[in-house]
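Coordinate inspection notes
Listed below, chain by chain, are the residues.
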Amino acid sequence: MAAPLHLTCFLGWGVAGRGNFTGTLLYSRFCPSPFRFPLTPSCKMRHRNFSFQNKKQHAKKINIGDNDSDPNNLSNDSKFSNHETDLKGGITIAVKSEDSKEKEDTDSSPINEDPMINNLPSNDITPVSTKSDGEQLSGIHLQDLIGMIRNAEKNVHLLNLARIRTLEDLEKIIEEKEALQTEINVLEMKLAETDGRLKMAAQEKIRVELLEDQLEKLRSELSSRGSRMEHAQEMKSAVSSSQIDAVNYFTQELELLRAENMSLKDELEVLKGDLVNIRETGHRIQTLEEEGFSLESSLKEFEFKLAASQEDVSEISSLKSECKSLYEKVASLQESFDNTTKHADEAFKVLQQNQELRKKVDRLEESLSEANMNRLSAEKMQQYGELMQQKIKLLDERLQRSDADIHSYVQLHQVSMKEFQDTLSNLKEKSDKRAEAETVHDKHSEFWSNLLLLVDGWFLEKKILADDARLLREMIWNREGKLCDVYLSSEEMNETDIIAKFLRLISSVPGERLHIIHIAAELAPVAKVGGLGDVLTGLSKALQKKGHLVEIVLPKYDCMNYELIRDFKALDVSLESYFDGLLFKNKIWVGTVEGLPVYFIEPHHPSKFFWRGHFYGEHDDFKRFSFFSRAALELLLQAGKRPDIIHCHDWQTAFIAPLYWDLYVPKGLNSARICFTCHNFAYQGNAPASDLASCGLDVHQLNRQDRMQDNSSRDRVNAVKGAIVFSNIVTTVSPTYAQEMLTPEEGWGLHPTLNLYSKKFVGILNGIDTDAWNPATDRFLKVQYHAYDIEGKAENKEGLRRYLGMSSANGNQPLVACITRLVPQKGVHLIRHALYRTLELGGQFILLGSSPVSQIQREFEEIGNHFRNHEHARLVLKYDESLSHLIYAASDMFIIPSIFEPCGLTQMIAMRYGSIPIARKTGGLNDSVFDLDDNSIPVQYRNGFTFLTANEQGFNGALERAFDHYKNDGDGWKQLVQNVMNMDFSWDSSASLYEELYMKSIRRAKTVNRS
């Protein structure tokens, strides 16, 4: 007889009150799985009440087994020896082993067929008894304990069944996968068979064609040789009917294949049409981006003017202090004058006394005469006369003394007045000298620009000669003080007298600086659409600061910001220019913009070329700007200008280059070198070749592959290509963008021409207006700061969080920002991904911008609504100039994941404010952002984090590296912020590169002329 299995279960208990016992089952023996599973509620031990008569408790062994079992067998045959547990609350349970189950009845359900469960029959439980000091505890029913164990075994069994079902499902999936692979293999075999059949069909087709040729030959022979009909019949029967059927079958199959081929061609044409639509959409998106840039530059211009006004205020304050000191000096002089006046008053009083004495003397003389008349006695009269003589003598002495005093007082007054006049003269002389120095050296460039326009106006109105105009321009160029003095002193004169005074000052003044004339379609802030306007203004101002004479020629649009033009006026001259076989008059306007002299051309043409309400986008843009280009060169010729450089921009003025060399050099306008800058090669000025004749160019000579003929169409011309061919210098807005333009993938069809003229093609990175974007003076910031005191960034960060309602609990939580137009070029899919990834990494994210594409705008509006109340994310789907300044200052990182970017300005502005850029390596981004972990870059130039592939994996790598540096290297991050804030992204360095290009081209031309 098999021995029962002993199971020991430990019950922990404690007394909460009289008769209360709490037990917990520590079960491990009967679990067949190596894993631990939580017990179900049904398996929890229920509380039982035990009665105790004594406080002392002892643990006893509980035997669980068959009622008919022999006690001896329990002790002798058991595989496990019985033992007693003296642990407090310990209970030992004896259970039958597996060997005894054969003798027991099993009525359990199918789920309990497990032999481990069947080893616990309900009838094998004996009452539990405990003894302590002769007293016996009440019986304990262990039915619940056994039920709990069975439930646990059921749960384990269910888990095993679920595991088995999962494995079965996995096997089914594998079988289905294998079946699918088999089907794929069958399909591949069928495809191969189809290919073979096609090849066989082609061979059979060839065979049929040969047979048809043979039949034709036979028929011709039969028709010519009637006597050999029988032989022909035999030959004809040689081609069996089965072969003819085969030929027909293969012919049908070939027709079907041809039909399929035609359908594929139709689908291909549809796809090509879709591709053309996508490209047109991209062009429209580009145009809208440029409009956004124009608005940004207008706002920047307002800021610049505000900064200039602040500088004027500071100058006024210094003048006030000087004026105050002068007032003090005048006060002291007034005090001395008052003293002198007092002395004079005293002298006048003495003089009055003297006059009274004189009156008394007169009365005495009258009385003396009366005495003489009365003829008093001689003695008395003599005595009286002597007495009177003595009195008169005394009075004369007093009178002399009073005259001397009066004379001294008058002399003292005269000396004081002389000193006062001398002091006033000295002060006036110093003031005049200071004003003269300011006039000559510190006079704003706007003054000299107005003076230059005045001289040019005189020349165009035929009031002075060409040589006189040239000499006066040179004096203005050199800013000679005597010219300034004459101009200021002639304000009350008429124009004829002013011209006469100017002509008397003419002298030959040699100069070494350059005369540069820009001809363009935009100028910020008066006529701005995109980045061209900002570049033209920034570059011109930088060149002007270097001492060069810079002038600008611009169309006079009806939609310009005229209030931003200073001293705007029309010249009394009518300029005629050629177009469409006729001469049309143009009105010339002049004015200054940002201190730059500007000529505005207003065509008097029936088409009203520049009275359309907007700058670009007209059906006749090619004619509008070719007319303007011809009129601009005519203005230079008629004004007698001899510029060193004529700089034209984008396709709108690309006509300048061929017009200059073909038409105006023969007329005498031959002093200049031509520089052409293309700001975006996506816009090239394509048109039918016949349109080129309107401005007077020879279509036959220029519509050639080596000149202006478009690379993709023989009957169209390309204005940008013409400028590349005919210009002496060709530039674009960044070095990397220039390299990209030399490739077939990104060259927009101009890569063959650019590669042919690569020696004169260069990329120069644009700059930013460091006065408008300056954290030390930015009025939009909560706190101003600079590179050597960046604590203000943290305060601006806190202020931005409060303004947008974001969490400020963690001051060190990194803030990632993005300010952009939401268009495909800017990588909108990566911007969207950056939001979620930043939050996953524990950062905060802010987006400022909007999209001209309605679908993209709606998508980001939905995302913004989702994060409206999120404490770590905000989407502001509009453009806000003041908020953009605050975001630049508050952000720790700034993302620019553009798909392509000719130059880009936001990364430079971000670094100016100490925000570390995370950018894709393309275009101007590759020339301004250098990876912190790139050992091939010198340490002093590393300023951000970059990635190459425009996908989420590439962006994640750069963003995660930035977060790692920010969180784990606080001192290094602070040093990085200071380094990027000290980097120079102003126009000064870019202007120096342009200056160098100009000089090299001029020296090269002089060398060629000498040779």
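Structure: see above.
Residues numbered from 1 in each chain as written. Predicted model: local features only at pLDDT ≥ 70, side-chain atom pairs only at ≥ 80, totals over all residues. Heavy atoms only, no water.

**Some words on the overall build of the protein chain**
Helix and strand counts for the protein chain stand at 26 helices and 24 strands. The burial tally for the protein chain puts 44% of its 1011 residues in the buried class. Taking the contacts inside the protein chain whose residues are at least 6 apart along the sequence as the reference set, 74% of them involve residues at least 24 apart. Total accessible area on the protein chain stands at roughly 54,900 Å², and carbon and sulfur atoms take up 52% of it. (Helix = DSSP H or I, 4+ residues; strand = E, 2+ residues; numbered from the N terminus. Buried < 20%, exposed > 50% of the residue type's maximum accessible area, 1.4 Å probe, protein only. Contact = heavy atoms within 4.5 Å. Areas by Shrake-Rupley, 256 points an atom, 1.4 Å probe, with all protein chains shown as cover.)

**Quick look at the side chain of Glu-740**
By the secondary structure assignment, Glu-740 is in helix α16 (residues 735–740). If near-sequence neighbours (up to four positions away) are discounted, Glu-740 is found in contact with Glu-746, Gly-747, Thr-922 and Gly-923.

**A word on the pattern of salt bridges**
What the rule picks out here adds up to 22 salt bridges. A salt bridge links Arg-470 to Glu-474; its shortest N-O distance comes to 3.4 Å. On the criterion of helical spacing, the pair formed by Arg-470 and Glu-474 is a turn pair, its members being four residues apart in helix α8 (residues 466–477). A relative accessible area of 19% places Glu-474 in the buried class. Measuring nitrogen to oxygen at the nearest pair gives 2.8 Å for the salt bridge that ties Asp-931 to Arg-961. On the criterion of sequence distance, the pair formed by Asp-931 in the loop between α23 (923–928) and β24 (945–947) and Arg-961 in helix α24 (residues 952–968) is long-range, its members being 30 residues apart. In this structure Asp-931 comes out as buried when scored by relative accessible area, which is 8%. Note on Arg-961: relative accessible area 25%, which makes it partly exposed. Taken together, the shared-partner salt bridges connect Asp-456, Arg-473, Glu-551 and Lys-641 into one network. (Salt bridge = Lys/Arg side-chain N within 4 Å of Asp/Glu carboxyl O.)

**Observations regarding a negative patch on the surface**
A grouping of Glu-168, Asp-169, Glu-171, Glu-175, Glu-176 and Glu-178 is seen on the molecular surface, where their side chains present a negatively charged patch. Among the structural elements, Glu-176 can be located in helix α3 (residues 143–224). (Patch = residues over 30% accessible without salt bridge, like charges linked within 9 Å, V, L, I, M, F, W, Y side chains within 5 Å. Lys, Arg positive; Asp, Glu negative; His and termini not counted. Charge placed at Lys NZ, Arg CZ, Asp CG, Glu CD.)

**Regarding helix α25 (residues 970–981)**
With 12 residues, α25 extends 17 Å between its outermost C-alpha atoms, agreeing within 8% with the 16 Å of an ideal straight helix rising 1.5 Å per residue. Looking at α25, one finds that the buried residues are Trp-973, Leu-976, Val-977, Gln-978, Val-980 and Met-981. Where α25 is buried, its residues touch α18 (791–804), β22 (893–896), α22 (906–912), β23 (916–920), β24 and α24. (Expected span 1.5 Å × (residues − 1).)

**Regarding the pairing of β23**
Working note: regular strand, side chains alternate between the two faces of the sheet. β23 sits mainly inside the fold: five of its five residues count as buried. Summarising the sheet, β22 and β23 pair through four bridges and their orientation is parallel. Paired with Phe-894 across the bridge in β23 is Pro-917. Each parallel crossover has a hand, and for β22 linked through α22 to β23 it is right-handed. Relative to β24, β23 runs parallel, the two sharing three bridges. Following the sheet pairing, Ile-918 is matched in β24 by Phe-945. Each parallel crossover has a hand, and for β23 linked through α23 to β24 it is right-handed. (Pairing = 2+ DSSP bridges. Right-handed = clockwise from strand over helix to strand, strands pointing away.)

**Observations regarding the pairing of strand β17 (residues 729–732)**
The two faces of β17 match: Ile-729 and Thr-731 on one face and Val-730 and Thr-732 on the other face are all buried. Here strand β14 (residues 673–678) pairs with β17 via four bridges, running parallel. Paired with Phe-676 across the bridge in β17 is Val-730. Alignment of β17 against strand β18 (residues 761–763), held across three bridges, turns out to be parallel. What sits directly across from Val-730, in β18, is Phe-761.

**Some words on the nonpolar core**
Grouped together as the largest cluster of nonpolar side chains are 156 residues, with contacts concentrated most on Phe-681 and Phe-860. When sequence neighbours within four positions are dropped, the list of residues in contact with Phe-860 reads Leu-822, Val-828, Ile-831, Arg-832, Leu-847, Leu-875 and Leu-877. Core analysis: the next-biggest nonpolar cluster, separate from the first, contains 22 residues, Phe-447, Ile-464, Met-475 and Ile-499 among them. (Core = buried A, V, L, I, M, F, W, Y, C linked by side-chain atoms within 4.5 Å.)

**Thoughts on the sheet that holds β17**
If you walk across this open sheet you meet the nine strands as β10-β11-β12-β9-β8-β13-β14-β17-β18, and the pairing is mixed. Both outer strands of the open sheet, β10 (566–579) and β18, are each paired with one neighbouring strand and no more. With strand direction ignored, the average angle separating the axes of adjacent strands in the sheet is 25°. Inspection of the sheet shows β10 paired to strand β11 (residues 582–593) by nine bridges, in the antiparallel sense. Residue pairing across strands places Ser-574 opposite Lys-587, the latter belonging to β11. (Axes fitted to C-alpha atoms, helices over the stretch in contact; angles between N-to-C directions.)

**Considerations on unusual backbone geometry**
In the segment running from Ala-524 into Pro-525, the intervening peptide bond is cis, with an omega of 5°. Following the sequence through the fold, Pro-525 ends up in the loop between β8 (515–519) and α11 (531–545). A positive phi angle, near 65°, is found at Lys-462, a position not held by glycine. Topologically, Lys-462 is positioned in the loop between α7 (445–460) and α8. Judged by its relative accessible area of 66%, Lys-462 falls in the exposed class.

**With respect to the packing of aromatic side chains**
Inspection of every chain in the model, using the stated rule, returns 31 aromatic pairs. Both rings, one in Tyr-487 and one in Phe-502, keep their centres 6.5 Å apart while their planes meet at 85°; by these two values the pair is edge-to-face. You can see Tyr-487 sitting in helix α9 (residues 481–489) and its partner Phe-502 sitting in helix α10 (residues 495–504), a full 15 residues away along the chain. On the accessibility criterion, Phe-502 (0% relative accessible area) is buried. Between Phe-625 and Trp-651 the ring centres are 5.9 Å apart and the planes differ by 75°, which places this aromatic pair in the edge-to-face class. Of this pair, Phe-625 sits in helix α12 (residues 621–638) while Trp-651 sits in the loop between β13 (645–649) and α13 (656–664), and the two are 26 residues apart along the sequence. Residue Phe-625 is classed as buried on the basis of its relative accessible area, which comes to 0%. Geometry around Trp-589 places Lys-556 over its ring, the cationic atom sitting 4.9 Å from the centre. (Phe/Tyr/Trp six-rings, centres within 6.5 Å; stacked < 30°, edge-to-face > 60°. Lys NZ or Arg CZ within 6 Å of the ring centre and 35° of its normal.)

**Some remarks on a nonpolar patch on the surface**
A cluster of nonpolar residues, Leu-167, Leu-170, Ile-173 and Ile-174, forms a patch on the protein surface that exposes about 370 Å² of accessible area. Mapped onto the elements, Leu-167 comes out in helix α3.

**Some details on the packing of α18 against helix α21 (residues 881–890)**
With their axes 8 Å apart at the nearest point, α18 and α21 run at an angle of 130° to one another. Between α18 and α21, the angle is such that the two are oblique. In this structure, α18 meets α21 at a crossing whose hand is left-handed. Contacts between α18 and α21 pair Lys-793, Asn-796, Lys-797, Leu-800 and Tyr-803 from the former with Leu-883, Leu-886, Ile-887, Tyr-888, Ala-889 and Ala-890 from the latter. Grouping the amino acids of the contact of α18 with α21 by side-chain chemistry returns eight nonpolar, one polar and two charged. (Parallel < 35°, antiparallel > 145°, perpendicular 65-115°, else oblique. Left-handed = near helix turned anticlockwise from the far one by under 90°. Nonpolar A, V, L, I, M, F, W, Y, C, P; charged D, E, K, R; others polar.)

**With respect to helix α20 (residues 854–866)**
A rise of 1.5 Å per residue sets the reference length of α20, with its 13 residues, at 18 Å; its end C-alpha atoms lie 18 Å apart and thus fit the reference within 8%. Turning to α20, its buried residues are Ile-856, Gln-857, Phe-860, Ile-863 and Gly-864. Considered in projection along α20, the buried side chains sweep an arc of 125° and stay on one side of the axis. Summarising the geometry of α20, the exposed residues directed more than 90 degrees from the buried face are Gln-855, Glu-862 and His-866. On its buried face, α20 sits against α19 (828–840), β20 (844–848) and β21 (873–876). (Arc of directions from axis to C-beta.)

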